[in-house]
Structures are given as structure tokens and as C-alpha cells.
Amino acid sequence: MGKQSQRSVGEESAGEVVMGLRESFASGKTRSYEWRAAQLKGIIRMIDEKEENIMEALEADLSKPKLESFVHEISLAKSSCGLALKELKRWMKPEKVSSMLTAFPSSAEIVPEPLGVVLVISAWNYPFLLSIDPVIGAIAAGNAVVLKPSEIAPSISALFSTILPDYVDSSCIRVVEGSIPETTALLAQKFDKIIYTGNAKVGRIVMSAAAKHLTPVVLELGGKCPVVVDSNVDLKVTSKRIVVGKWGSNNGQACLAPDYIITTKSFAPKLVDALKVSIENFYGENPLQSEDISRVVNSNHFARLSSLLDDEKVSGKIIHGGQKDEKLLKIAPTLLLDVPDDSLLMQEEIFGPLLPIITVDKLEDCFDVINSKPKPLAAYLFSRNKKFEERFVKTVSAGGILINDTTMHFANPNLPFGGVGESGVGSYHGKFSFDSFSHKKAVLHRSFGGEVSARYPPYTPRKQKLLRALLTGDIIGLILALFGWPRS
Amino acid sequence: MAMDLERVVEQARETFESGGTRSYFWRRSQLRALKDLLHEKEAAICEALKLDLGKHRVEAYRDEIGFLIKSVDHALQNLKKWMKPEKVSVPLVAFPTTSEVVLEPLGVVLIFASWNFPIGLSLEPLIGAISAGNSVVLKPSELASASSKFLATNLPKYLDNKAVSVIEGGPLVGQQLLEQKWDKIFFTGSARIGRIIMTAAAKHLTPVCLELGGKCPAIIDSLSRSRDVKVAINRVAGAKWGFCSGQACIAIDYLLVEEKYAPFLVDLLKEKIKNCYMRPADLTRIVNKQHFQRLREMIEDPLVADTVVHGGSLDQESLYIEPTILLDPPLDSEVMKEEIFGPLLPIITLKKIGDSIEFLKGRPKPLVIYAFTNDEKLKKRIIEETSSGAVTFNDAVIQFALDTLPFGGTGESGFGKYHGRFSFDQFSHRKAVMRRSFCLEFSFRYPPWNERKLQFLRYIYSFNYVGLLLLFLGLKRCSST
């Protein structure tokens, strides 16, 4: 009974929030360039002035090293906002397009307009960036926004609630904190777009809820990002880039972090040695004590990762690391060799500091391994062999592909960031954010001249010829038809 | 039957996975074959459309055959260009790096077509799906059974039938198809079914494109030149009674006009109907008994029947409804609440034409808003203060023939767009590809972390190249800001 009333109170609040935002949006205030620019400027100011608070909250929620917080969350958020501010006028401009003979005389353009009220459901692993970046895109496109930060990163969630209203127009941009009941209450409301970052299971729930209102969605999900390593590479650089891509990305708890490696049986020993060297160089002899690596976010995920390791199919395959400290919620960077494919470790997204290495006879066999799994958000290849690289780009379907590095493509705002298949729907970043949160309205201006009576009944043979010519842009046919001459 | 269906989908997937649909040559051959089909089977298509809808040959050509030929030509001309990866610029700090966006097919696509343009709405998305290199299963509408049969019989004769299949049937077959896993679902139809489709797609995280409908209004302003008025009347009438008898998502649903001009407008429309839209042979009939009944109930609502100022007669035998004009039917009547999809034209009068903006604001977003006006201020207000899939000034329907304009809805009228290049994009995955080299390594990318590395990164992110250089050369000390 108590739970019932709590849920109905939750729904009412969610309904009231969305209704208020809808009224604000209907008033038209979010549409002007000035309003959008003011919000973006406010967000940049917030990041500048509250940098310390944000870093502290990230430390509390994830034990994220200061440098990771700075690079992956603060800087990326700030540069995304800066880019939106810089390009906003250009993005908002209608795009003239050509119109064809069929519609002569006319002029046509595509006018971007806001969708209305957007819901941003964020994730816990980059809780600041993955909240503010979609909000930036939604605002740039002129929408009102509800932000629902992840409850698994409670300090950042609370921080947003506290500071965001001081920097942006809170009649149009609201933060709603909470967990499953609050999210469910929000999803019952009608939004004009929903962007969700998280896992595929909840992604399905979000899309089903959106279907009731015919709300388009962007789902930024995950997957097992493979790293294929050829033998002709610069081994030192390769191992550094893999190690920092894995354990330097929130300790492997990132949708883009390398999930598993595929290399040849002959090359594996060399690669393993190089990885071990890099791990030690970066995190010292006792990585559980290193301050340069995030912790596992909470005891649930710790238990999940522990059981992946303790699985009898897996525990014998550990070749480096494997140490755990439950109190500190830390698991050492762990390498595993040739874990069986039917183990949970090789079936589910790891999202943690465990890196399995799968060996194959020849490198081409990697395609079978990768294609037997759902399409990932990213696929990585280290190789100097141009032909193999071309084949990789052509054969592997993933959200994005990066050659000779890991995770970096995320930082190029000119590339669309999003998945395909199980790794997601839609994309954002840079202009793709603006486009994602806009409706591109086709506008055709016709004049009253150029009237073609052939368009209307009664339909005579002459009219039919004329229409045929017009439709196919056949100028000669058109002239002939106008003069009443036949053309077969 | 269900087994056959599964087998068809399986084959489509096998064909796709074997790479059979990816080459430029395969896609081009399929598009050329479609073009051949359209040319060689023109008569058969017209026959099917006549049986299904009583559609006149001219409407059949203008709205379906000719339209499709234009689309196929456009795709053939541009296919190479569309297939090319798009080079993308990279910020200097990431040097040396190249980035591009590679267009790749999604995989196996399911297309649901509607009954009112049964050939056009089947083949236009098909053109896009094939151009993008997918294999396709097409389910035509069972309400246009002759067209459905035509497609099921002829597409396999012209196209690669391991990659493109047609599955006929009604809602049960539709349901069975939705249980399969698709890489994209493209649906044209009603919002009610759109919801069902999206809900089913959610189980597999399948992206969808929903081309739905709505009540497309036409705002009729006062026009000073009588020639303009004449043209406007032609176009308004054509977009209702000359366009599948109003059974089209982009047909004009109702008119908005200032009350002082309404009588004048009614007279002109009456005259137009008498001159051009009286011969049943020129008009498409109502598709079936259910829709006929639905429209009959709309007119026979006593509060609505009173507002009929022209037409209103019905013939159930031939499924014919006379072009009908209604003047100010109640706004809460069926005819003003639901998409009409028929030859009834309500005219709603307003005190001033600018009130049309307010009128539209509270209502679901339609696929198109039409406005016949020379008032630039009003045009600007319509673009900026209303929302719809598209806006067309001083004409109607014709926007759908432009390959350069995206065709699609927003809100209740759907999401996703197609036609021309937008079709190709709709059925593609835009894969980000970045290539780096091994040379030029920066130690500040890697742990163990220290203040100096942090400072480097601060400079990089603010694109402060000078500070970066000085720091690199050891000529600058780290600071905490």
C-alpha cells in the first residue's frame, strides 16, 4: 500500500515536471539563438567554477584518478560545449537544397527545429560527461530537457541537482534524481526524444516505453569491444595503448574499453610480456595500491566480476594479476589466456579490469570470433598490413573502428558516436548531437506561376504525355508534349 | 506457413552474410532490374491499381510508376557517390590521424507497405534498402490484394530472389514477421500499428522508421490576384479529390480560412468539383467497405450532416463517395478529430488568418502543413511557430516528388525520413573509422599520473599550442590552473 502511494506520488511528480517543461517549451523561449547560447555559456561557466567539486564527486563515486576525471569528463564536456557554442549559428541555419524540373519554379530548404521535451538518462561510469554531453546537444537544438543522472553515481547525481539550476534556466532544464521507480515514472510520460546510455537490457525497456508515445530514441549501449593484434606492430606502443585504453578508462568500466584481445598463437607470448611490462610501468608492482586506477564502482559489480573470475572454466586461465581487495573494491589488472568461449566472461560485456586473450591459428580467424558475437560499440585493430586493415574495416560491423589505437575516436567530434545492432541505435557528438535532437523540416516554397494543367483531371492523352515528360525530367519530351507531338 | 516465413528470413540473412548484396554491381543490377519492371509491367501495374482502388492511369503513373522511375534513376545516378566513405576532419592535436565515416548496410530489412499507394510505398523504400546494400523482406498491404499479388509474382522475376522476397498476408503474417529479428523495420501506415511495430522492434533493439499520418491542414489566405486564386483552387482540389480521393497521408485533410472569405472559397471549390471531379472514372474509389463505413459515419453524424454545403452522397455498391465540402463541422466531431483519409473536405473558419497558428498549436503534429499565401510574415510565422514533418507554400503534395527534400513526420506523424539520399542513409549504418600511426607518441597519455602530464592535457584541450610547446621544451613550469 505504501509502495503504491509512493509510486503514484512519483508519477505525479514526473508528470508535473514534464508538464511544466512542456509549457516552457510551448512559450517558445528555448528557440532563440540567444537563449541557447546563454545556456551553453552557463554550462561552460559551471564546469570552470565547479571543477573541484566535480572532481571530488567523481573521486567519491568511482575513485577516479584526477587525470582521468580531467581528461575524460571535464575537458571533453567543456570542449563539446565550446564547439556547440561556436557552431550554433551555423547549425541553426536552414540548408538550401535544389528543387527539380518537376517542381519548377520553386525553392526548397531544410529547416532544423527543436523536437520539444527531451529525456536524458545517463550512466554511472562517466556520470558527468554522459549526463552533460547529451544535455548540451538537446539545448543546442532548442529543446527543454529532463536529466536523470545515474543513482549508482550518487555524488554526481546530487551535484547536478544542486549546481545546475544556478547556471541554466531551470524552467526549461530540470534534474530528476532517483532510481528505478523514478525512472519508470519518467518513462511513462510523453517525451519528444529519449537518449539512454547504459546496457541493452534496460535499452529494451526504454524503447518499449518510448513506443507507447511513438517517441524516437537514441540508445548508446555497449558490447564486447575486441582488439585484434597483428604480429607486425610496434609492440611497445601497442601494449601501452591497449593498457591505457583498458585500465585507464575507468578501470575497464567503459563501453569503449577493450573487452578482449584476439591474436595469433605464435605472437601471444610476446604480446602478453609487453602487456605485463606496460601494466607494471603504469601501475607499479602492486596495482591494488595504485592511485592511478579507478576502483570497481560498487559491491554488486565487485561480486559480479569476482564470480566471473572464480568460474572454474576461467580461474585456471589467469596469467597475470587476479588479486582482489573487497574492502577497497579493487581488482588488479588481470590477463587471462584462452578462456573458453562458452564461459560467462566471453559471453557478456566484462566492464571491469579483466582482459582475456584469445589465440587463433591465423589472424584471419579473428573474423569468425568477432562475428559470432553481437555487434560491439567499437572494434580495434593493431596492424601495419594495409590489406588486412582494409578487410577489417569492410568485414567488421561495429559502431566505430579504430586502427592502431583504442578509444580515441570518441574524442573526435566530427565522427558520429553510436552503436549498431545490440550496441545501440542512433548517434551523437558534435553536429550529430544537434541533428539528433532536431527535426529537419522540409520547406518548399512554390509560386503561383508555372501552373501545369496536366496535373488535374479530366485526364486527356496529351496531359498524360506531358506528365510523363515532367516526371522524368525529360525536357525534349516536355516540349514535344506541349506542342502536341507524339513521342513513343 | 510460419516455417516458410522463417525460411525466407533465414535465406535473406544468409545471403546478406555471404556478402551477396554489398557490391556496387549487385545494387546497380537490382536497381536497373526494378526500372525494367516498371517500364515493362506498366500496364499490369495500372491494372492492379485499377482493381484495388479504381485508380485512374494518370494517377497511377503520376503518383506511383513515374514517381518510382524518377527515384530509381536518381539512385542509379548517385549510388557511387552515396557509397563512398565521407572524409572527416580531425583536430590538430590528434595528428597524425585520419578519420572517415563508412556507410555500411544494416543487414536484413523488413518493409511494411500501406494500401493507398501499394506499389509506390512498397518500392520506394525498397529502392533505398537495396541501394544501401541490404537484403529485404517486403510485406505489401493485404487491403490492396491485386497489387500485393503483382509484387509477389513479379519481383522474383526481376530481382535477386535470394536477397529480396515478398511475403503476402494480413495481420497474422505481420505479427509472425515481427517475431523475427531484423536489422531495420520500415513501416508506412497508422499510428496505432506504428506503436505495435515499435514495441515489437524494441525486443530486438531494432531501429525503426515510422511514416505515419495526421490531419494535414491547408491555410488559405486572401490572395489579391484572381489568377493566384484560380491556381490555388486547382491545387487544393487536386490535393484532395485528385489524389487517391484524399486517401493519402499527405492529402489536404481540412482547410483553414478567414470567415469572410469562406463563402467565396466554397463557391470556387464547388465549381471546380463540377468541372473536374464529377466523373467517377477520374476518381479513385474508397478502398473497401470498412473505410466506406467509417467515412459514412463521419458524414452521417447529425451535427456534421448539417454542415455539408456540397456533395454528401454515397454509393456503397461502387464504394463511391461524392466530393464533399463541410463548413465548420464541430471541432470535437470524428471528422475533425481523426485523419479523414477520404473525399470529405471540412472548411474551418477563423476570425483572422493568423489565428491558424494558435489553432494548430495544441494539435498533434501532421505530416505536412500547407499554406496558400503571399504574406511573407505569415510564412515566417508558420515555419517558426508550428511543427510538422514538412511545410509547403502555395502548392500541395508535390513536395513528395522532390528527391532533395527529406520525407517524414514528427511527433504523431512519425519519425525517420527517406526519399533520395535520405533513403540511402535510412538503411545504412554510418560507421566511424579512425586510423592512427605508431609514430609520435606522447608520454602524457599514460600513467603514472603527475601534475606535468595534467598540465600538458590542459593545454591540449584548450588548443593552447604555444603553452604546449613551451612545456614540452621545459621552458614553462606547471601551474595549478
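Quantities reported herein were computed from a predicted structural model and do not represent experimental measurements. (Residues numbered from 1 in each chain as written. Chains lettered and ligands numbered in written order. Predicted model: local features only at pLDDT ≥ 70, side-chain atom pairs only at ≥ 80, totals over all residues. Heavy atoms only, no water.)

> Where do I start with the overall build of chain A in this structure?
What chain A contains, in helices and strands, is 18 helices and 18 strands. The buried share of chain A, reckoned over its 488 residues, is 61%. Partitioning the contacts of chain A with sequence separation of at least 6, the portion at a separation of at least 24 is 70%. For chain A, the accessible area works out to roughly 18,500 Å², and carbon and sulfur atoms hold 55% of it. Between the centroid of the 57 positive side chains of chain A and the centroid of its 55 negative side chains there is a distance of 9 Å. (Helix = DSSP H or I, 4+ residues; strand = E, 2+ residues; numbered from the N terminus. Buried < 20%, exposed > 50% of the residue type's maximum accessible area, 1.4 Å probe, protein only. Contact = heavy atoms within 4.5 Å. Areas by Shrake-Rupley, 256 points an atom, 1.4 Å probe, with all protein chains shown as cover. Lys, Arg positive; Asp, Glu negative; His and termini not counted. Charge placed at Lys NZ, Arg CZ, Asp CG, Glu CD.)

> Help me out: how do you make sense of the overall build of chain B in this one?
A tally of helices and strands in chain B yields 18 helices and 18 strands. The buried share among the 481 residues of chain B stands at 62%. For chain B, contacts bridging at least 24 residues in sequence account for 70% of all contacts bridging at least 6. If you sum the accessible surface of chain B, you get close to 18,500 Å²; carbon and sulfur atoms cover 56% of it. Looking at chain B, you have 63 positive and 56 negative side-chain charges, and the mean spots of the two groups are 9 Å apart.

> Would you mind going over the domain arrangement of chain A with me for this structure?
The accessible area lost on association of the parts is a frequent measure of interface size. What the domain assignment reports for chain A is domain 1 (14-221 + 429-440), domain 2 (225-418) and domain 3 (462-488). The straight-line distance from the C-alpha centre of domain 2 of chain A to that of domain 3 of chain A is 64 Å. (Domains from an automatic or database assignment.)

> Is there a simple way to explain the sheet that holds strand β18 (residues 438-446) of chain A in this structure?
Whenever strands of a sheet pair, they do so through backbone hydrogen bonds, lying parallel or antiparallel. An order of β1(A)-β2(A)-β18(A)-β16(B)-β15(B)-β8(B)-β9(B)-β14(B)-β13(B)-β10(B) is seen for the ten strands of this open sheet, with the pairing classed as mixed. Unpaired on one side and paired on the other, β1 (95-97) of chain A together with β10 (308-310) of chain B mark the two borders of the sheet. In this sheet, neighbouring strand axes are inclined to one another by 25 degrees on average, regardless of whether the strands run parallel or antiparallel. (Pairing = 2+ DSSP bridges. Axes fitted to C-alpha atoms, helices over the stretch in contact; angles between N-to-C directions.)

> I tried to follow unusual backbone geometry on my own but got confused; where do I start?
A negative phi angle characterises most non-glycine residues, just as the trans form characterises most peptide bonds. Backbone torsion omega between B:Pro447 and B:Pro448 reads -5 degrees, so that peptide bond is classified as cis. Mapped onto the secondary structure, B:Pro448 falls in the loop between β18 (428-436) and α17 (451-461). Positive phi, close to 55 degrees, is recorded for A:Leu214, a residue that is not glycine. Its identity is not glycine, yet A:Asp338 carries a phi of approximately 55 degrees, on the positive side. Examined against the element boundaries, A:Asp338 turns out to sit in the loop between β13 (334-337) and α13 (344-347).

> For this particular structure, what's the right way to read the interface of chain A and chain B?
Each partner contributes to the interface: chain A provides 101 residues, whereas chain B provides 108 residues. Of the roughly 8,700 Å² buried at the junction of chain A and chain B (both faces included), carbon and sulfur atoms supply 62%. Area buried by chain A at its contact with chain B is led by A:Leu214, A:Phe448 and A:Tyr459, which between them contribute 11% of it. Inspection of the region where chain A meets chain B yields five salt bridges. Taken together, the connections running from chain A to chain B amount to 35 residue pairs in polar contact (both at pLDDT 80 or more). Tallied by class, the residues present in the side of chain A that touches chain B amount to 49 nonpolar, 28 polar and 24 charged. For strand β16 (residues 400-403) of chain A and β18(B), the ladder comprises four bridges, and the chain directions are parallel. (Buried area = accessible area lost by both parts, 1.4 Å probe. Salt bridge = Lys/Arg side-chain N within 4 Å of Asp/Glu carboxyl O. Polar contact = N/O pair within 3.5 Å; in protein donor to acceptor, adjacent residues only side chain to side chain. Nonpolar A, V, L, I, M, F, W, Y, C, P; charged D, E, K, R; others polar.)

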